[in-house]
Structure formats: structure tokens, C-alpha cells
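# Reading the structure
Here is what each chain is made of, one letter per residue.
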Amino acid sequence: MAKACQLFSGSSGNSIYIGGSSGGVLVDVGVSAKRCEYALGGIGVDTDNIKAIFITHEHRDHIAGLRVFASKHQIPVFAEPNTIEELYRLKLIDGGVNIFEMGRYTELAGFEVESFNNSHDSAACLGYRFTLTDGRSVSVCTDTGYITDDAKAALAGTDMIFLESNHEISMLENGSYPYPLKKRILSPEGHLSNLAAGEFAKELLQSGTTRFVLSHLSRENNVPEVARQSAVAALSELGANENSDYRLYVSKPENDGGLIVL
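Definitions and limits used
Residues numbered from 1 in each chain as written. Predicted model: local features only at pLDDT ≥ 70, side-chain atom pairs only at ≥ 80, totals over all residues. Heavy atoms only, no water. Pairing = 2+ DSSP bridges. Helix = DSSP H or I, 4+ residues; strand = E, 2+ residues; numbered from the N terminus. Axes fitted to C-alpha atoms, helices over the stretch in contact; angles between N-to-C directions. Contact = heavy atoms within 4.5 Å. Polar contact = N/O pair within 3.5 Å; in protein donor to acceptor, adjacent residues only side chain to side chain. Core = buried A, V, L, I, M, F, W, Y, C linked by side-chain atoms within 4.5 Å. Buried < 20%, exposed > 50% of the residue type's maximum accessible area, 1.4 Å probe, protein only. Salt bridge = Lys/Arg side-chain N within 4 Å of Asp/Glu carboxyl O. Patch = residues over 30% accessible without salt bridge, like charges linked within 9 Å, V, L, I, M, F, W, Y side chains within 5 Å. Areas by Shrake-Rupley, 256 points an atom, 1.4 Å probe, with all protein chains shown as cover. Right-handed = clockwise from strand over helix to strand, strands pointing away.

Judged by pairing direction, the sheet is mixed, and its 7 strands sit side by side in the order β7-β8-β9-β10-β11-β12-β13 without closing on themselves. The open sheet has two edge strands with one neighbour each: β7 (105–108) and β13 (247–250). The average undirected angle you get between the axes of adjacent strands in this sheet is 20°. Of the pairings in the sheet, the one linking strand β8 (residues 111–117) to strand β9 (residues 126–131) comprises 6 bridges and is antiparallel in character. Its bridge partner being in β9, Glu114 is matched across the sheet by Arg129. Contacting β12 (211–215) and β13, helix α9 (residues 224–236) runs over the sheet at an angle of about 155° to β13.

Next up on the list: the side chain of Glu114. Examined against the element boundaries, Glu114 turns out to sit in strand β8. A distance of 3.4 Å separates polar atoms of two side chains, one belonging to Glu114 and the other to Arg104. Residue contacts for Glu114: discarding those within four places in its chain leaves Arg104, Tyr105, Gly127, Tyr128, Arg129 and Ala154.

So, on to the nonpolar core. Leu7, Leu26, Leu40, Ile53, Leu66 and Phe69 are the most contacted members of the largest nonpolar core, which has 28 residues in total. Of all the elements in the fold, those that place two or more residues in this core are β1 (3–8), α1 (33–42), β4 (50–54), α3 (66–73), β5 (77–79) and α4 (81–89). By residue number, the principal contributor to this core is α1, which donates 4 residues. Excluding anything up to four places from it in sequence, Phe69 contacts Leu26, Val29, Ala33, Cys36, Glu37, Leu40, Thr47, Ile53 and Ile75.

Across all of its chains, the model carries 11 salt bridges by this definition. Of the charged contacts, one joins Arg35 and Glu254 as a salt bridge, the two residues approaching to 3.2 Å between their closest N and O atoms. Separated by 219 residues along the polypeptide, Arg35 in helix α1 and Glu254 in the loop between β13 and β14 (260–261) bring together distant segments of the chain. In this structure Arg35 comes out as partly exposed when scored by relative accessible area, which is 37%. A salt bridge links Lys152 to Glu203, with the nearest nitrogen and oxygen atoms 3.9 Å apart. Highlighted residues: Lys152 in helix α5 (residues 149–155) and Glu203 in helix α8 (residues 194–207), separated in sequence by 51 residues. Judged by its relative accessible area of 33%, Lys152 falls in the partly exposed class.

Judged by side-chain polarity, Ile169, Leu186 and Leu195 come together as a nonpolar surface patch covering roughly 250 Å² of accessible area. Take Leu186: it is sitting in helix α7 (residues 179–186). Judged by its relative accessible area of 39%, Leu186 is partly exposed.

Another aspect to go through is the pairing of strand β11 (residues 160–164). Counting buried positions along β11 yields 5 of 5 residues, so the element is predominantly enclosed. Here β11 shows two buried faces, one formed by Met160, Phe162 and Glu164 and the other by Ile161 and Leu163. What joins strand β10 (residues 137–141) to β11 is α5, and the crossover it makes is right-handed.

One open sheet accounts for 7 strands, arranged β6-β5-β4-β3-β2-β1-β14; its pairing is mixed. Two strands close off the open sheet at either side, each with one partner strand: β6 (99–101) and β14. When strand β2 (residues 15–20) meets strand β3 (residues 23–27), the two strands line up antiparallel, connected through 5 bridges. Looking across to β3, one finds that Gly19 is bridged to Gly24. With respect to the sheet, α3 is in contact with β3, β4 and β5, its orientation differing from that of β4 by roughly 150°. Taken strand by strand, α4 contacts β5 and β6, and its axis lies near 145° from that of β6.

Listed below in C-alpha cells is the structure:
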């Protein structure tokens, strides 16, 4: 039985828990180790249950608590080689972190893990698809300016996805952010809009995906209900109905809704 939970989401910090019968993993630790431990306890998960941490990229909202959490609990960390190099260069990790290069595939604690390349303004940026022993799959695709061909190939047919729905384009264009920042977010190496997320959700639904978690929403340039309505409108173009053909969730900055069970 697969279980998943967005512990933290957004520019203030990101971390996702994915668990199965043989243990669980984290994708990113973008808050302090103490907050991450507390959040895991809130969903009934002991830190001893965490068998690995998979890093998407080196931006602070994804690795702020990594060094302390991983070294304290002696949890192996996996990341793209260029990300590892950048983490060391920026002194965001040290010798106390047991870190490994993430290739295309790895197997660990009952998980088959496939990585894929996203497009983001970082040294590298990976998304992940986790397949559990029961054959169910949970994927994470955030921090990307567009859906890469690599992501499309890896994500087809995933049962559940944490999918970036960062901003509503009109809110961003008319908002208070300085122009260079707006340009960065809207670029091919920025973040995925509600519109782009909805279009990809349509492709995923047609491939068999039935659970969508809208993730990494901007507090300044998005509203949870707007992101939800955008996704529902896109999926309705296929004649799909929420709660019968698919389930849709919207991540909050900090989890208060417990685990999603597949």
C-alpha cells in the first residue's frame, strides 16, 4: 500500500514523504530538521522509517534542513552529480552527509526509483518516479519551466503525481514582483504555470493517472482555488469528473491533512 504526503510546499520550504510496506523516503528537506521531524511525527512516521532522501536541486527551499537531518539520522542522500558538486561548493553539506550520485534508475528499500530531467535555473534539477512493490507509482515533478520530453516519458501512467502549479500567469504579470524576477519565473527554466500544469494533467489522465496533487504554489502569484479551478477546467475538457475519474488535491504550505493512501 502506497502512502504519500506533501509535508511542506512553496517558496518557504518543500518536502514530500512517500511510503510503502518496507519504509519510506523523502523528496527534499527544505525546512529545518526539527520541523521535518515534527511533520513526520504528525503523520505517524518515525524518522527511523526514512530509508533515503532524494534531492531535486540545490535551491535553499529544497535543502535547508538536509545537512542536519541526513547527518543526524544517518540517512543516505541521492542527487544528480552536478547538484552534489554545487552543494559542496556552497558548503550546504559536508562530510557528515552520506551522499550518492543518482543515475537514471536505482532500487532501495522496496522502491524502484527512476529520475528524469526538469528544466530549472539550478546546477541540475531532477524529478522522480517511485514504484512500490505492489506496482503502484508515485511521482514528483516540480521546479520546471516546462514539461520536458524526459519527464513525459518517465511519468506516463504514474498512479499519482505531485505536479507543480506555481503561478497564475495574469497574477504574476500584474503583480508586484520586479520585472527580472517575473521574467525568470516565466522562462523555460522557471516554474510551471496553472495553465501548463492543467495541460500536462490532461496527458497524464489519458495515460492512467488518477491522483493529482498541485504543488509548489506561489503565495504571491496564485490562489489555491484558482489553481484547482484551472486543473478541473482542463480535465473537464476530456469529459472527466472529479472524484469519479480522478482525485485532485492542492498542497498547503504546511501539511494539515494527513496521508494520501493509494
